[in-house]
Structures are given as structure tokens and as C-alpha cells.
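# Chain and residue survey
Residues per chain are reported as follows:
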Amino acid sequence: MLLAAIRGVEFGKSMEMVCCSDHRRRQHQCTRIQTLVFPEKRYKNPTNMAFSCCKISPIISFFVVFLLFVSSVQSGQFNETELSFRPDKEAKKLKFIRAHLAKINKPSVKTIQSPDGDIIDCVLADKQPAFDHPELKGQKPLDPPERPQGYATTTGIFEENFQTWSSFDEFCPEGTIPIRRTTEQDVLRASSIRRFGTKIRKPIRRDSSSGGHEHAVGYVTGDSYYGAKASLNVWAPRVVNQYEFSLSQIWVISGSFGDDLNTIEAGWQVSPELYGDNYPRFFTYWTNDAYQATGCYNLLCSGFVQTSSRIAIGAAISPISSYNAGQFDISLLVWKDPKHGNWWLEFGNGILVGYWPSFLFTHLRDHASMVQFGGEVVNSRVSGQHTLTQMGSGHFAGEGFAKASYFRNLQVVDWDNSLIPLSNLRVLADHPNCYDIRGGINRVWGNYFYYGGPGKNSRCP
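Residues numbered from 1 in each chain as written. Predicted model: local features only at pLDDT ≥ 70, side-chain atom pairs only at ≥ 80, totals over all residues. Heavy atoms only, no water.

### A few points about the overall build of the protein
To keep things clear, this is the line we draw: Secondary structure counts use DSSP, requiring at least four H or I residues in a row for a helix and at least two E residues in a row for a strand, with both numbered from the N terminus. A 1.4 Å probe rolled over the protein chains alone gives each residue an accessible area, and that area as a share of the maximum for its type sets the label: buried under 20%, exposed over 50%, partly exposed in between. Surface exposure here means Shrake-Rupley accessible area, sampled with a 1.4 Å probe, where a residue is shielded only by the protein chains that are shown.
Along the protein, the regular secondary structure elements total three helices and 22 strands. Per-residue burial over the protein gives 53% buried out of 461 residues. Approximately 22100 Å² of the protein is accessible, and the part contributed by carbon and sulfur atoms is 55%.

In C-alpha cells, the structure reads:
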């Protein structure tokens, strides 16, 4: 495995936690860290067509005219036939889309119009898409499990507001869950209706590098892992192509990195294809066969069981970080419930979002063999050049706090259901001239790293 060499990076020794930010009549809790400033490293055809003339015999001219006539008649017949079938084709396509939407858009007891244009449906918890799964039919969401030992929350956690749809103090009633409504336009944007809501299958390598997908990640491997926790700041990176995305997430991984790969994923992403805009959105994903036929984003298939009435998976996160200004991060915790074996997800400080039932997986029924933290972008190389899609803040790791993206307080859950610091964090950037990463450790942030970049630049053609 090729690993990026990690060198010690000097950062300020004093980092203080400060919580403050008022946003649309809500008191948001954020993390703002002040540090000493060190010198920064900045990295810094019309086509010509030639025509020639020659003499053509009358016989050849006749045949050319005849062939053109026949061709035009046949072409006209074909186009007419094609046009006559097109309405039926479109009707069948629309019928298929509406049938699919009827499966995932469940009847709601309340509907909330989000300021960003989303429609949030409040669906009875036992009527959510997860319970369409044969092994979950007729069941109800499980009660919250015991959290890992060493876990700590802040006071007033349930007064926090992380998402745009609830910024006016309107929430779903208890006993329901908020689900972002999927529209016909959402499905039509997908490259394939059948692949809507899923990741395109790509080669998976143990070092995370694969064609078209570029990463800057910190990871641990070589042990048995039962969960992971981290705080990451949220940005709105530029995504220049509808079929590209930029995300920052935690991966919980097991398998041989072939067709049997199991992953659980959670974080934030900007995906114009999936959502139709450039807002950073909270998302989840899972697969048990390397993205071939199982799994999906959010609640777009049966699998993940949501329990929270306050967090909408797929909804925009608010507020977000600004360059050289306020920094806002979210905490994510994924861990395996020792009692039932399900993998639970927590968002923020104490809000249980829901769980992935253990039967969804093969290798992850037991434990994970690797945990990754970091960023990923799709590089479609339009016009043969590297994409301008940004990762994280769009700035390199060397710019540091308030300028580069970060993950901090990285932890894993051990066999005894205890949160412990990482002991062997490694960092890797597939294409460090385009997106890079720098790790470190200190008393306040524990294990952390800065990462990201602008994509195409003078050193990344």
C-alpha cells in the first residue's frame, strides 16, 4: 500500500473551545477554535476544413441524387415511426418513476415546507421505507441502545438545530420521522432510473484509490473495530459537474475489498445529481457487495431504520463554515450495539438518528476491519482535464484552521464497547497536488487532520 509520508506539523499549542452562534431565532452550538497563526504555505481550436472540387460524370450524379432521395424517404419513415412510439415510451417511463416514488414517498401525517425548497414529510415511524424489507415487515423501531463507555454529551443537546428545514422551530411530531420527499425531477436527473439513489460501482482498493474517485483520508486498520467517532466541519465546496460530487464522511469497512465489501458511511455531501442543488447535506449509505446491487443513500431503499423525529437524512445542514471566519462542525458516532448487533448512528451531540440492522451485512455482522475518515470527490475529467470540483473548503491542508477542512477528536469503539483514541492513524491522499492531507495530535483535538483542495490548479493539470 502506498502511503503518504506524514511529517510533524507545528500548530498552536493553545486551542480553546467556544460555543456561540445565533441563526434564525435558534441558538446553534458550534465549535470555534482559536490558534496561533504560523506562516502559511500557498501553492500557489477552430477546426480548419479543406474542400476540393472535381468533375463528376452525369451517371454518377444521377445515382448520387437517387441515393440521397431514397435515404431521405427512409429517414423520413424512420423518424415518423420513432415519433409515433415516443409518447408511449415516455408514458411508460413516467409510470415506472411514479410507481417507484410511491414506494419510497410514504403517506405523511404532517408536511413541512423547508426554506431551501425541500418538502419534509412526517411519516409514522413504523411506516418508513425500512419496513418494506422482508425481514422487518410488521416490526417497529428498536429502543435506544447503551452508548459506548467514555461517551460524553453537552447539556441542552436537544435544543440544537442543525438543519435548514427546522430553522423556524417546526418539527415532526413524536412517533413520526422526517423524510425528504423525492420528486420526479430527482429521479430524472439520475443517469439511470434503476440506479437512482445508489453509487456507481467502482473498483475498490485497500488504499481507497479508484478510477474517477479521489480521496484524502485518515485511516486505521489491523484490528477489530466496533465503531468510530469524529467531529468534522461543514463547508459548501464547489461542484462543477452535475454528475460529480464532493463529500466528507466516516467509512466503517469490512470484507476483502472485492465483491464482498461491506461499508457503512455517514457524513455530509454536495451532490447536484442527487439533490438538484449545491447545499451540503447530511447523508448515509450502506452496501454489502461493493455497491453492486445492495444499499442506497439515505432512505431511498429499505434498510436503514430511522428513529429520530428531529433529523432528516438528505436535508441541508445549517449553518456552515466560512473561509477565515466562523467554523461550524458536526459530530458523528457509529457503533455496534453489543446486545442486538445493529449499527447505530448518532448526529450532533446525543441525537440518535437510527440504525442499520445487522442482517443487512455479511462481514459487518461481526465487526469492522478498517475505519476511514476524510474526503472524496468524483473527477470526471471533462475535456481531458482534472475537475475544478473542490474537496472540503477548497483549500489545501497547509492553510490550517478556519481555511482548510478538518476532522478532529478521532476515536474508535473497541470490543468492550469503549471509545478509545486512535493509536496508529495513517493519512493518504491519492493525488496530493489536487487534494492533500496533514495529520497531527494535541491535547484538545486528540487525533486530527486537515485535508482538501481546489482540484485543478497549476500543479494538478
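### Considerations on the state of the cysteines
To be explicit about the condition: What counts as a disulfide here is a pair of cysteine sulfur atoms lying within 2.5 Å.
Tallied over the full model, the rule gives three disulfides. With a sulfur-sulfur separation of 2.1 Å, Cys296 is cross-linked through a disulfide to Cys301. Across the S-S bond of Cys296 and Cys301 the torsion is about -85°, and the bridge reads as left-handed. With a relative accessible area of 21%, Cys301 lands in the partly exposed category. Residue Cys434 pairs covalently with Cys460 via a disulfide, S to S 2.0 Å. Looking along the S-S bond of the Cys434-Cys460 disulfide, the torsion reads about 95°, which is the right-handed sense.

### Overview of the sheet that holds strand β7 (residues 176-180)
Quick note on the threshold: Two strands make a pair as long as DSSP finds a minimum of two bridges between them. A fitted line through C-alpha atoms serves as each axis, taken over the contacting stretch for helices, and the angle formed by two N-to-C directions is quoted from 0 to 180°.
Taken in spatial order, the three strands of this open sheet run β5-β6-β7, and their pairing is antiparallel. The outermost strands of the open sheet, each flanked by one partner alone, are β5 (110-113) and β7. The sheet shows a mean angle of 25° between the axes of neighbouring strands, direction not considered. Across five bridges, strand β6 (residues 119-124) lies against β7 in antiparallel orientation. Bridging across to β7, Cys122 finds its partner in Pro178.

### A word on the side chain of Ser254
To keep things clear, this is the line we draw: Whenever two N or O atoms come within 3.5 Å, that pair is a polar contact, provided that in protein one can donate a hydrogen and the other can accept it, and provided that, for residues adjacent in sequence, both atoms are side-chain atoms.
As for its position among the elements, Ser254 is in strand β10 (residues 246-254). Since its relative accessible area comes to 6%, Ser254 is described here as buried. Polar side-chain contacts of Ser254 include one of 3.3 Å to the backbone oxygen of His367.

### Quick notes on the sheet that holds β10
Read across the open sheet, the six strands follow the order β12-β11-β10-β17-β8-β20; overall the sheet is antiparallel. Edge positions in the sheet fall to β12 (281-287) and β20 (426-429), since each of these pairs with one other strand and no more. Going from strand to strand, the sheet's axes swing by 15° on average, the running direction of each strand aside. In this sheet, strand β17 (residues 368-378) lies alongside strand β8 (residues 213-225) in antiparallel orientation, the contact comprising ten bridges. Its bridge partner lying in β17, Glu214 is registered against Val377.

### Here we look at unusual backbone geometry
For the bond from Ser318 to Pro319, the omega torsion is 0°, close enough to zero to count as cis. Take Pro319: it is sitting in the loop between β13 (305-306) and β14 (329-336). At Asp169, a position not held by glycine, the phi torsion is positive, near 65°. Within the fold, Asp169 resides in the loop between β6 and β7. Despite not being glycine, Ala402 shows a phi value in the positive range, around 75°. Topologically, Ala402 is positioned in the loop between β17 and β18 (405-413). Exposure remark for Ala402: the relative accessible area of 7% places this residue in the buried category.

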